[in-house]
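What follows is the residue order along each chain.
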Amino acid sequence: MCGVCGTFSPNGGGDRRIVAAMHAGLTHRGPDETYSLNTETLSVKLGRLGFTGLAHGWQPAEDRSGRYAAMTNGEVFNSRELWDKSGSRRRGNEVDVAVIPELVARFGIDGLRMVDGQFATAIFDRSENALYLARDRFGVCPMFYTRTGSDTHFCSEIKPLVRSVDRSWSVDLGAIDQYFSLGNIVAPRTLVREVRAVPPGCAVRFDANGPEKVLRYWRYGEFESTAEPVPAEELREGLRRSIRDRLHADVEIGAYLSGGFDSSAIVMEASDLVDQPLHTFSVVFDDPGLDEGRFQREVSQLVGSKHEQIRCLRSDVAARFEEMVRHCCYPQRETYNVAAMMLADSVRAAGIKGVVSGEGADELFFGYDSYAFDSVPRSTRGSRPENERAWGRADFGWEVDWPRVHERRRTYLAPALLEGVSGDEFWRTRLIPFTDAEAKSLSAMQLRSIADVYVQMSGHLLGDHGDSMLMGSSVEGRYPFLGNSVVSLAQRVADEAKVVDFEGKACLKSAYDGIVPQSVLRRGKHGFTAYDLRSVTGERTWQDWHGLVEASGVLAPGCLDAPTGRGGVDKWDFRLSAISVAMVMDELGLSP
């Protein structure tokens, strides 16, 4: 996966010490090698976590004309095919991401839409003295940037960026409103007002001529209208091909096994594609309501994997919650990321650098319970003008509970700042890359799928839950359900084939009937959950967090006494969100 950082000074005179400082904060992302690119206007460093081209690969990579130079983290799984399409050849560099500048030279930024992979890249156009920062289709690899005068500083993580660039930093109240309304922060926003995230499927261009320009090269949600059903065999082959590509490396790749359908299907296929027992990793809990151990063990025994179960105790959550938040610098709504962090620690301790995981299946194949409700025709749906601003349709509100949104603002935001949110509420920003007319042409389930991808998956599941927890232990996550072949198939499958008799992912489960154990195939959806934070936290620690929340200046001092989300009025425990926002503000030195 690696970590990349740099400073672009189109007028010259950039401070390379900033880049060195950022790189020092990214060593966990790329401990194997360090590469540098320095020109009169650009300084970039990349810390490499090596998977391919270990002996005969390098960066920066250049196109054959020498116009474009790129420093890229991540993977391009179809690099051989792309070399052919670019009309060029490798010229000895065996790193798969070396094809990126060739694609841009041949096809422009739109050439990135052909990449089947996960990447964040800094592409320098020597001819025009311009920089492009780009991310993969779904934003698996992060990229953040800030501007100081004419200079642009960029980094794979927020914390090294904020700590290395000398400027005043403040919290983004609009981002806080997004989180307390949606449970997520949507790119390009971050919790830091002065820091932006490159949106998934986009490149941002910087030059000496003024503001940056966001260029979208791909978006999810181009559903096809076809009368022909997608055969089960084609679904299986598409996923199998994607898994095969993501197991390809010069080092061993393991697998996460939660015990649910998505990870189990991947493990079943992956076990047939490797020459030795697959190394699988799972989290187990002492609480029977949380534990999925028996399903994990059943699948592991069936395929004969080398299985490791990591036990997450209540004391682990209490001891490591703050460590987790201060590492990822992202608000939280539950404690499961502590278990995810422990899981990644165990993967690295086993000598494994990468794992395949099942994220994406629920969003692409309509696996959440909300899709089943959307599948029922309703004569009326609640309409609001705010919905139209946010989603393009007045009758679509995603997961927003409007009465609770207003109540949360009053509960969690400091009274003096409530006025500051006015005019910057979450709904005033279009949250998906679709126009009103396009949104109105989509079914309710299709629109929900798009919202799930851009609001929940890209920022949270692939971000703080995925990249941050994995890369904190120098481990790369790979996601077969997000492979181009699978995404293309998902956009061809009709709504009624995805949700059948109130069961989501029906087409996938039908394709794996008789392959994945029936106990796993027919079990209910089990989300990422762990122990309730308050129940495992001592009174002294809780009071310390009370003080941190009060000192933030943006959160209501008594908000930690609000009702919890478990069995209460809210879906999530937003007290965790308040605590984690205060921790991030403290960690980064953000002012209100």
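Quick note: structure is the one above.
Residues numbered from 1 in each chain as written. Predicted model: local features only at pLDDT ≥ 70, side-chain atom pairs only at ≥ 80, totals over all residues. Heavy atoms only, no water.

## Some points on the pairing of strand β3 (residues 42-48)
1) Next: In terms of residue burial, β3 counts as a mostly covered element, since six of its seven residues are buried.
2) Next: As paired strands, strand β1 (residues 3-8) and β3 are joined by six bridges and run antiparallel to one another. Looking at the pairing, C5 lines up with K45 of β3.
3) Next: In this sheet, β3 lies alongside strand β2 (residues 33-38) in antiparallel orientation, the contact comprising six bridges. Each residue of the ladder has a partner; that of N38, found in β3, is S43.
4) Next: Following β2, the chain reverses through three residues before pairing antiparallel with β3. (Buried < 20%, exposed > 50% of the residue type's maximum accessible area, 1.4 Å probe, protein only. Helix = DSSP H or I, 4+ residues; strand = E, 2+ residues; numbered from the N terminus. Pairing = 2+ DSSP bridges.)

## Observations concerning the packing of aromatic side chains
1) Next: Tallied over the full model, the rule gives 20 aromatic pairs.
2) Next: Where F180 meets F574, the ring centres are 5.8 Å apart and the plane angle is 40 degrees; that geometry is what we call tilted. Of this pair, F180 sits in helix α5 (residues 173-182) while F574 sits in helix α24 (residues 574-588), and the two are 394 residues apart along the sequence. Here F180 matches F574 in class, with each residue buried.
3) Next: Residues F366 and Y371 carry aromatic rings whose centres are separated by 4.7 Å and whose planes lie at 0 degrees to one another, so their mutual orientation is stacked. For the pair shown, F366 and Y371 are each scored as buried.
4) Next: Within the aromatic cluster, the residues linked to one another by ring pairs are F138, W218, Y220 and F223.
5) Next: Seen from the ring of W572, R333 lies directly overhead, with NZ or CZ sitting 3.8 Å from the centre. (Phe/Tyr/Trp six-rings, centres within 6.5 Å; stacked < 30°, edge-to-face > 60°. Lys NZ or Arg CZ within 6 Å of the ring centre and 35° of its normal.)

## Focus: helix α3 (residues 100-107)
Along an α-helix, residues three or four apart share an orientation, since each turn contains 3.6 residues.
1) Next: When we look at burial in α3, the residues that qualify are I100, P101, E102, L103 and V104.
2) Next: Looking at the buried positions of α3, the neighbouring elements they touch are β4 (61-62), β5 (68-76), α2 (79-86) and β6 (117-125).
3) Next: Once α3 ends, the next one or two residues include G108, with phi positive near 80 degrees. (Contact = heavy atoms within 4.5 Å.)

## Some details on the nonpolar core
1) Next: Grouped together as the largest cluster of nonpolar side chains are 177 residues, with contacts concentrated most on Y220, F321 and W391.
2) Next: Top contributing element to this core by residue count: helix α17 (residues 444-471), with 13 residues.
3) Next: When sequence neighbours within four positions are dropped, the list of residues in contact with Y220 reads F138, E363, L364, F434, S449, I450, V453, Y454, V487 and Q491.
4) Next: If you look at the next biggest cluster of nonpolar residues, it comprises 22 residues, including F8, Y35, L133 and Y145. (Core = buried A, V, L, I, M, F, W, Y, C linked by side-chain atoms within 4.5 Å.)

## Quick look at the sheet that holds strand β7 (residues 130-135)
1) Next: Read from one edge to the other, the open sheet built from six strands follows the order β4-β5-β6-β7-β11-β12, with strand pairing classed as antiparallel. Two strands lie at the open edges of the sheet, namely β4 and β12 (213-216), each paired on one side alone.
2) Next: Two elements, strand β11 (residues 202-206) and β12, share four bridges in a ladder whose sense is antiparallel. Within β12, the position partnered with V204 by the bridge is V214.

## Points about the sheet that holds strand β13 (residues 253-256)
1) Next: Spatial ordering of the open sheet is given by β15-β14-β13-β16-β17, a layout of five strands whose pairing is parallel. Each of the sheet's edge strands pairs with one partner strand only, and the pair in question is β15 (306-312) and β17 (476-478). When strand polarity is set aside, the average angle formed by the axes of neighbouring strands in this sheet is 30 degrees.
2) Next: Two strands pair when backbone bridges link them, and strand β16 (residues 354-356) and β17 are joined in this way by three bridges, in the parallel orientation. Bridge assignment links G354 to a residue of β17, and that residue is E476. (Axes fitted to C-alpha atoms, helices over the stretch in contact; angles between N-to-C directions.)

## What to know about the environment of T52
1) Next: Inspection of the secondary structure assignment puts T52 in the loop between β3 and β4.
2) Next: By relative accessible area, T52 is classed as buried at 11%.
3) Next: Here T52 is in contact with E94, V95, D96, A249 and D250, once residues within four sequence places are set aside.

## Overview of helix α10 (residues 336-349)
1) Next: Relative to the 20 Å expected for 14 residues at 1.5 Å per residue, α10 spans 20 Å between its end C-alpha atoms, a close match to the ideal helical length.
2) Next: The element α10 is largely enclosed, with a buried count of 11 among its 14 residues.
3) Next: Along α10, the positions that sit buried rather than exposed are Y336, N337, V338, A339, A340, M341, M342, L343, A344, S346 and V347.
4) Next: At the C-terminal side of α10, G351 shows a positive phi close to 85 degrees. (Expected span 1.5 Å × (residues − 1).)

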